[in-house]
Amino acid sequence: MGDARLLRVSRPVEQFGTPELRELVADMFDTMRALNGAGLAAPQIGVDLRVVIFGFTSSPRYPHAQAVPETILINPVLTPLGEEQEEGWEGCLSVPGLRGVVPRYQRLRYMGFDLDGAVIDRDVDGFHARVVQHECDHLDGILYPMRMRDFTRFGFNEELFPGQQISDD
């Protein structure tokens, strides 16, 4: 947080399946896995492109979360399916050591492309929907604290969750 690259709107990917795009996605997965993350956006590693990755079968950081299919999502478009939102704790590699309660749409449709340009079109809910919204916010220069409504539920992990091993997303 504070790096100007995280506040910019990212550029759309224009060519799919290129060696450069494959290398970017591989680097993103290496970074996400090394940090036990649920997702990662290209701007978080300094790349100004509309690329996000996310997914896991189980997560020690989110033991009660439903599995999320491993996904490469390029040039995403999100559409809420209804007005219902739910609040949930979020953290972020770009906002280290902190957590906050963030409202997110409970259900949404996301569309975009995979690494080779094939269309992705999914309706999702729950934690899957939260992860997608969080990662796609990075493509528009939005960090999760900007979405928060109640800053009494924002703070350092060790203060909010004493004695628990909480890491960043």
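Residues numbered from 1 in each chain as written. Predicted model: local features only at pLDDT ≥ 70, side-chain atom pairs only at ≥ 80, totals over all residues. Heavy atoms only, no water.

Caption draft 1: Representation of the overall build of the protein within the structure. When helices and strands are counted, the protein shows three helices and eight strands. For the protein, the N- to C-terminal ordering of α and β elements is α-β-β-β-β-β-β-β-α-β-α. On the principal axes, the C-alpha backbone points of the protein span a range of 45 × 35 × 30 Å. Within the span of the protein, comprising 169 residues, buried residues form 47% of the whole. Across the protein, the fraction of contacts at a sequence separation of at least 24, relative to all contacts at a separation of at least 6, is 66%. Summed over all atoms, the accessible surface of the protein reaches about 8,700 Å², with 51% contributed by carbon and sulfur. On the protein, the mean spot of the 16 positive side-chain charges and the mean spot of the 26 negative ones are 2 Å from each other. (Helix = DSSP H or I, 4+ residues; strand = E, 2+ residues; numbered from the N terminus. Buried < 20%, exposed > 50% of the residue type's maximum accessible area, 1.4 Å probe, protein only. Contact = heavy atoms within 4.5 Å. Areas by Shrake-Rupley, 256 points an atom, 1.4 Å probe, with all protein chains shown as cover. Lys, Arg positive; Asp, Glu negative; His and termini not counted. Charge placed at Lys NZ, Arg CZ, Asp CG, Glu CD.)

Caption draft 2: Highlighting the layout of surface pockets. Considered as a void within the structure, the largest pocket measures approximately 280 Å³ in volume. Considering the residues around the largest pocket, the lining is formed by 18 residues, among which Leu78, Tyr105, Gln133, Asp137 and Arg147 are closest to the centre. Taken together, the elements giving at least two residues each to the lining of the largest pocket come down to strand S3 (68–80), strand S5 (95–105) and helix H2 (126–139). Residue contributions to the lining of the largest pocket peak at five residues, all from S3. Considered class by class, the residues forming the lining of the largest pocket number nine nonpolar, three polar and six charged. (1 Å grid on protein atoms, 1.4 Å probe; cavity = no way out; pocket = protein on both sides within 12 Å on 5 of 7 lines; lining within 4 Å. Points joined across faces, edges and corners; volume = space filled by probe spheres on them. Nonpolar A, V, L, I, M, F, W, Y, C, P; charged D, E, K, R; others polar.)

Caption draft 3: Structural view of the state of the cysteines. For the coordinates displayed, the defined rule picks out zero disulfides. With no disulfide of its own, Cys92 has Cys136 as its nearest cysteine by sulfur position, at a separation of 13 Å. Here Cys136 falls in the buried class, since its relative accessible area comes to 6%. (Disulfide = S-S within 2.5 Å.)

Treat this as a map of the structure, not an account of what it does.
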